[in-house]
Amino acid sequence: MPRISPRLILEAYKIHPYLPYLLPACKTIFQAKLELGWIINELPVSKHKSAIKKRFRLYPLQYILGNQPFGSNLKIECKKGVLIPRADTEEWCMELCKKLRKIKNPNDSLKVLEICSGSGCISLLIGEQLKDYLAELDILGVDVSQICVDLSQKNLELNHKYINSNKTLINFIKGDLFNKDLLSSLPIQNHELVISNPPYIPLEEYNVYHGGLEKSVIKYEPRLALVGNLEVYKSLLDNFVFNNKSCKSFIFEVGNKKQIEFVRDYILFKKFSWNVGYRIDSNGQYRNVVGWQRDCNYDLLQKMCTSIYN
Ligand SMILES: C[S@@+](CC[C@H](N)C(=O)[O-])C[C@H]1O[C@@H](n2cnc3c(N)ncnc32)[C@H](O)[C@@H]1O
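Nothing here was measured: the structure is a model prediction, and the numbers come from that model.

The rules behind these values
Residues numbered from 1 in each chain as written. Predicted model: local features only at pLDDT ≥ 70, side-chain atom pairs only at ≥ 80, totals over all residues. Heavy atoms only, no water. Helix = DSSP H or I, 4+ residues; strand = E, 2+ residues; numbered from the N terminus. Buried < 20%, exposed > 50% of the residue type's maximum accessible area, 1.4 Å probe, protein only. Contact = heavy atoms within 4.5 Å. pLDDT = per-residue confidence, 0-100. Axes fitted to C-alpha atoms, helices over the stretch in contact; angles between N-to-C directions. Parallel < 35°, antiparallel > 145°, perpendicular 65-115°, else oblique. Nonpolar A, V, L, I, M, F, W, Y, C, P; charged D, E, K, R; others polar. Salt bridge = Lys/Arg side-chain N within 4 Å of Asp/Glu carboxyl O. Pairing = 2+ DSSP bridges. Expected span 1.5 Å × (residues − 1). Polar contact = N/O pair within 3.5 Å; in protein donor to acceptor, adjacent residues only side chain to side chain. Near = heavy atom within 4 Å. Areas by Shrake-Rupley, 256 points an atom, 1.4 Å probe, with all protein chains shown as cover.

1. Digging into the environment of L151
Structurally, the position occupied by L151 is in helix α8 (residues 146-158). Among the residues examined, L151 registers a relative accessible area of 3% and is labelled buried. The spacing of L151 and G118 is 33 residues in sequence and 8.0 Å in space, taken between C-alpha atoms. Setting aside residues no more than four positions away along its own chain, L151 makes contact with E77, C78, K79, V82 and S119.

2. Side note on the confidence of the model for the chain
Scored by pLDDT, the chain comes out at a mean of 94, with 98% of its residues at no less than 70. Overall fold confidence (pTM) sits at 0.95, and the ipTM for the predicted complex is 0.99.

3. Structural notes on the packing of helix α1 (residues 6-15) against helix α2 (residues 19-26)
Running from N to C, α1 and α2 point in directions that differ by 130°, and their axes come no closer than 8 Å. Relative to α2, α1 is oriented oblique. Contacts between α1 and α2 involve L8, I9, A12, Y13 and I15 on the former and, on the latter, L19, P20 and L23. Residue classes in the contact of α1 with α2 are distributed as eight nonpolar, no polar and no charged.

4. A short note on the pattern of salt bridges
Scanning the entire structure with this criterion turns up 13 salt bridges. With its nearest N and O atoms 2.9 Å apart, the salt bridge here joins D238 to K234. With D238 and K234 both in helix α14 (residues 230-242), this residue pair falls four residues apart, about one helical turn. Of the residues examined, K234 reaches a relative accessible area of 36% and is grouped as partly exposed. Put simply, R287 and D281 hold a salt bridge, and the shortest N to O gap is 2.8 Å. Linked by salt bridges that have partners in common, D88, E253, D281 and R287 make up one network.

5. Comments concerning the sheet that holds strand β6 (residues 193-196)
The eight strands are arranged β5-β4-β3-β6-β7-β9-β8-β10 in an open sheet whose pairing can be described as mixed. Lying at the two open borders of the sheet, with one neighbouring strand each, are β5 (168-174) and β10 (307-309). Pairwise comparison of adjacent strand axes, ignoring direction, gives a mean angle of 15° for this sheet. In this sheet, strand β9 (residues 286-293) lies alongside strand β7 (residues 249-253) in antiparallel orientation, the contact comprising five bridges. By the bridge assignment for β9, F250 is matched with G291. Packed on one face of the sheet, helix α15 (residues 257-270) meets β7, β8 (274-280), β9 and β10 and runs near 170° to β8.

6. Here we look at α15
The terminal C-alpha atoms of α15, which comprises 14 residues, lie 20 Å apart, in line with the 20 Å expected from a rise of 1.5 Å per residue. Within α15, the full set of buried residues consists of Q259, I260, V263, R264, Y266 and I267. Where α15 is buried, its residues contact α14, β7, β8, β9 and β10. Its side-chain oxygen placed 3.1 Å from the backbone nitrogen of K258, N256 serves as the N-cap of α15.

7. Brief notes about the site of the ligand
Around the ligand, the surrounding shell holds 21 residues, and the nearest of these are C116, D143, D176, L177 and N197. Residue E114 places a side-chain N or O atom 3.3 Å away from a nitrogen atom belonging to the ligand. For the ligand, whose unbound accessible area comes to 600 Å², protein coverage reaches 96%. At the level of secondary structure, the elements contributing two or more residues to the shell around the ligand comprise α7 (121-130) and α13 (223-226). A per-class count over the shell around the ligand returns 12 nonpolar, six polar and three charged.

8. Quick word on unusual backbone geometry
Positioned with a positive phi, K27 is a non-glycine residue whose angle comes to about 75°. The residue K27 is located in the loop between α2 and α3 (29-42) in this model. Among the residues examined, K27 registers a relative accessible area of 53% and is labelled exposed. The backbone of D132 shows a phi angle near 70°, a positive value even though the residue is not glycine.

9. Digging into the side chain of E35
Here E35 lies in helix α3. What makes E35 buried here is its relative accessible area of 5%. Of note is the side chain of E35, whose polar atom sits 2.6 Å from the side chain of R55. If we skip the residues at most four places from it in the chain, E35 touches L22, C26, R55 and L61.

Encoded structure:
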């Protein structure tokens, strides 16, 4: 538990007796006041005390409130066992959707395969942003965890009014990214865009406990969603990009530069007709590796990239 100055605790207590209990998670009075407001407004009075107690133990706010806003309209239900959608992910997804509007014409169709779909937030955001823009939009999300598949289906239903279109089809199924035969067994084939926010925290970093990760993430969010490294990117490329004649582009979230360089070397070694770039996010972090077939509309994805490897 981080140490907090008595002066800050007293200052917080004068504002509201619950506020000091939010300081370990929130660090500042400003953030603690915001969280207290959400707890009071979104939960019945009977749950306030237990919510404050949980937050004092660093239990994630989204699991307490039960959801997280994502994109312009979506509300993604959150529950233990499923990763909470992150702002970093939301940022690149919104950028990707803007680029897809330029890459595709309204008469086009688009099939997207999302591997490691978790709560479904990425697929649902693409569905929301592009629905009615394209003649046909098919998105298939795949996750190895049944809890995730069930929650993503539920999130699809809960956000139905923002995604509902007879031109858009979104589905979620269970599947393992390490399974070489998964692609050929999928109910929808010929995906031209493959996206993933896979588990990418190297085990050594996860085990160090303080290695950049917040304590509440390690304590309460699923390890399955967090721990992974180069083997994950190798399988994403082998099983869903190289194996897939229709694939014109991919975008993966990453945790560090080494993962970008691995993907770059692996793809440039195997696919001469592809370009690879990387994207640094608004916090200055290496966030994505992006690949696209040269000389097609997906060349426009280079505008998402901070730098390109040829
Ligand atoms: C970082 S989370 C991303 C979740 C969601 N897409 C998001 O952005 O919030 C990674 C997801 O990968 C899933 N996962 C882990 N190992 C997997 C595997 N071998 N095959 C498929 N999915 C896997 C986890 O269950 C988790 O939902």
